[in-house]
Amino acid sequence: MSTDALLPVFEQLRLPDTGVARDAYAYVAGATPDFVFHHSVRSYVFARAHAEHQGLHASTDYDDELLFLSCVLHDIGVSEEGNGDQRFEVDGADTAAAFLRERGVEERRIAIAWDAIALHTSDGIAARKGTVVALAQAGIGTDILGIRREDLPPGLADEVHALLPRMDLAYALSDAIVTQAKAKPHKASPLTFPGSLLRHHLPFGAFPDWYELLAAAGWGDKPVGISARRRAETPEQVGAMFMEYLEAGDIEGMLTLYEPNAHFVPTPGTHLVGTAPIRKGLQELIDTGARLELELRDIRQVDDIALVSNTATLTGVGSEPVVSTTTEILRRQPDGGWAHVVDDPFFGHRRPGGDAASARRT
């Protein structure tokens, strides 16, 4: 897309009409893919709208040109020119600072833009670093995650998207960050935003989490409190521990036997995904006073994955015991323990109604 073709957009959106603002606009348009450029400009428009919503006025309450520069340059770190050896936010901040310095922008203002760009993924920090930094993060957050979109003037988002289409921004930008991180893993350390994205694109357990980093620290610290709960050392132990925790009413213990994004089928046709829904389903099971007996039918284990089938006899949920055959997929966790990926007692039995419909079991 040529710079000339973009100039009407500049005017239609009433962007700050200064030399450095137009230079930054043209620079980002040429250096980044359209989805990044569109996002960068939309972020400013939304940031400005948030300022108006808060009763803030350009020039008197905040530096409007600097807000624009911070927003339009905030993802320059995903460009080829901005792809250095630091996390993309910091690479972007350094690249933007060099760009602004070449154009004679004051160091005081460059420092503010640097903070806005380097901290735009840092919740709880950016909002404390001054008005421009806070507004920039607010606008960026609206365009990526829809945060505070309800505060935008009616019709503004539609108008901006008509001029600057989204082009599946959120996923396209995530892919761009991951592509950099795969090529340069040091740009995505485990405790950073790029690291959290990279983790989803690597084999399970390949990227260390917080507890693995603690274990590797070399100081010999041992788990205490809730982190000291024992783990299922083998796939077979998962069922035994589930029965034990159920009888004790230990919901936290039961949850340790499920991955955060596990699938659980407490009744035929009911599919729970993730910790919060599974917690609710298991708590309902505890509240009924249910008891469970499991008898191992078969198990197949390949490396860190196990397919397990039990005969389950559930009592306490009706007048008669409920018997089912479970289908469970377990995975070895980074700490060596085993947990459910899929827990379905009714995989081969989908008869609605009846006693089986009230069964809840691992």
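Overview of the structure. Here the structure is a predicted model, which is why all the values come from computation and not from measurement.

Structural notes on the overall build of the protein chain
Secondary structure summary: the protein chain contains 14 helices and seven strands in total. A globule of 362 residues ought to have a C-alpha radius of gyration of about 21 Å, yet the protein chain, at 27 Å, is considerably larger. Structurally, the protein chain occupies a C-alpha span of about 80 × 50 × 35 Å along its principal axes. Put simply, the protein chain has 362 residues, and 44% of those count as buried. Long-range pairs, those at least 24 residues apart, make up 57% of the contacts in the protein chain with a sequence separation of at least 6. Surface exposure of the protein chain reaches about 17900 Å², of which carbon and sulfur atoms provide 54%. Across the protein chain, the 33 positively charged side chains and the 52 negatively charged ones have centroids separated by 3 Å.

Structural notes on the side chain of Lys 187
Along the polypeptide, Lys 187 turns up in the loop between α9 (169-183) and α10 (193-199). Here the side chain of Lys 187 touches Gly 84 through a polar contact of 3.4 Å, landing on its backbone oxygen. In this structure the side chain of Lys 187 is engaged in a polar contact, spanning 2.5 Å, whose partner is the side chain of Asp 91.

Description of the packing of helix α2 (residues 19-31) against helix α5 (residues 88-102)
The geometry of α2 relative to α5 is characterised by a closest axis approach of 11 Å and an angle of 135° between their N-to-C directions. On the basis of the axis angle, α2 is oblique to α5. As α2 runs across α5, the sense of the crossing is right-handed. Facing Val 20, Asp 23, Ala 24 and Tyr 27 of α2, the residues of α5 in contact are Thr 95, Phe 99 and Leu 100. Of the residues contributing to the contact of α2 with α5, the split by class is five nonpolar, one polar and one charged.

Digging into the nonpolar core
Counting residues in hydrophobic clusters, the biggest one holds 49 residues, and the most contacted among them are Leu 15, Leu 67, Phe 68, Leu 73 and Leu 100. Elements that contribute at least two residues to this core include exactly α1 (3-12), α2, α3 (34-53), α4 (64-72), α5, α6 (107-118), α7 (131-145) and α8 (156-163). Counting residues per element, this core draws most heavily on α3, which supplies eight residues. If near-sequence neighbours (up to four positions away) are discounted, Phe 68 is found in contact with Phe 10, Leu 15, Pro 16, Ala 21, Tyr 25 and Tyr 44.

Re the pairing of strand β1 (residues 258-267)
In terms of burial, β1 is largely enclosed, as seven of its ten residues are buried. Across three bridges, the pairing between β1 and strand β7 (residues 338-344) is parallel. Opposite Tyr 258, over in β7, you have His 340 as the bridge partner. Bridging between β1 and strand β2 (residues 270-273) involves three bridges; their strand directions are antiparallel. Paired with His 263 across the bridge in β2 is Val 273. Two successive antiparallel strands, β1 and β2, enclose a turn made up of two residues, where Gly 269 displays a positive phi of approximately 85°.

Points about α4
The element α4 is extensively covered by neighbouring structure, given that nine of its nine residues are classed as buried. Within α4 the residues assigned to the buried category are Asp 64, Glu 65, Leu 66, Leu 67, Phe 68, Leu 69, Ser 70, Cys 71 and Val 72. N-capping of α4 is provided by Asp 63, with a side-chain oxygen placed 3.3 Å from the backbone N of Glu 65.

Topic: the environment of Asp 209
Along the chain, Asp 209 falls in the loop between α10 and α11 (210-215). Along the chain, Asp 209 and Ser 196 lie 13 residues apart, while their C-alpha atoms are 9.3 Å from each other.

Focus on a nonpolar patch on the surface
On the surface, a cluster of nonpolar side chains totalling about 540 Å² of accessible area is made up of Leu 191, Trp 210, Tyr 211, Leu 213 and Leu 214. Considering the arrangement of structural elements, one finds Trp 210 in helix α11.

Examining the side chain of Asp 91
On the secondary structure map, Asp 91 appears in helix α5. There is a polar contact of 2.9 Å between the side chain of Asp 91 and the backbone nitrogen of Gly 84. Every residue in contact with Asp 91, bar those within four places of it in the chain, is listed here: Gly 77, Gly 82, Asn 83, Gly 84, Asp 85, Gln 86 and Lys 187.

Things to note about α7
Working note: α-helix, 3.6 residues per turn, so residues spaced by three or four point in the same direction. Here α7 spans 21 Å end to end across 15 residues, near enough to the 21 Å set by a 1.5 Å rise per residue. Among the residues of α7, Val 132, Val 133, Leu 135, Ala 136, Gln 137, Ala 138, Gly 139, Ile 140, Gly 141, Thr 142 and Asp 143 are the ones counted as buried. Residues of α7 that are buried make contact with α3, α4, α6, α8 and α9. Note on α7: the residue one or two positions beyond its end, Gly 146, has a positive phi of about 75°.

Observations regarding unusual backbone geometry
Both trends apply: most residues other than glycine have a negative phi, and most peptide bonds are in trans. With a phi close to 65°, Arg 148 is a non-glycine residue in the positive phi region. Structurally, Arg 148 can be placed in the loop between α7 and α8. Unusually for a residue other than glycine, Asp 168 sits at a positive phi of about 55°. Inspection of the secondary structure puts Asp 168 in the loop between α8 and α9. With relative accessibility at 64%, the residue Asp 168 sits in the exposed group.

Each value, and the rule that gives it
Residues numbered from 1 in each chain as written. Predicted model: local features only at pLDDT ≥ 70, side-chain atom pairs only at ≥ 80, totals over all residues. Heavy atoms only, no water. Helix = DSSP H or I, 4+ residues; strand = E, 2+ residues; numbered from the N terminus. Rg over C-alpha atoms; globule rule 2.2 N^0.38 Å. Buried < 20%, exposed > 50% of the residue type's maximum accessible area, 1.4 Å probe, protein only. Contact = heavy atoms within 4.5 Å. Areas by Shrake-Rupley, 256 points an atom, 1.4 Å probe, with all protein chains shown as cover. Lys, Arg positive; Asp, Glu negative; His and termini not counted. Charge placed at Lys NZ, Arg CZ, Asp CG, Glu CD. Polar contact = N/O pair within 3.5 Å; in protein donor to acceptor, adjacent residues only side chain to side chain. Axes fitted to C-alpha atoms, helices over the stretch in contact; angles between N-to-C directions. Parallel < 35°, antiparallel > 145°, perpendicular 65-115°, else oblique. Left-handed = near helix turned anticlockwise from the far one by under 90°. Nonpolar A, V, L, I, M, F, W, Y, C, P; charged D, E, K, R; others polar. Core = buried A, V, L, I, M, F, W, Y, C linked by side-chain atoms within 4.5 Å. Pairing = 2+ DSSP bridges. Patch = residues over 30% accessible without salt bridge, like charges linked within 9 Å, V, L, I, M, F, W, Y side chains within 5 Å. Salt bridge = Lys/Arg side-chain N within 4 Å of Asp/Glu carboxyl O. Expected span 1.5 Å × (residues − 1).

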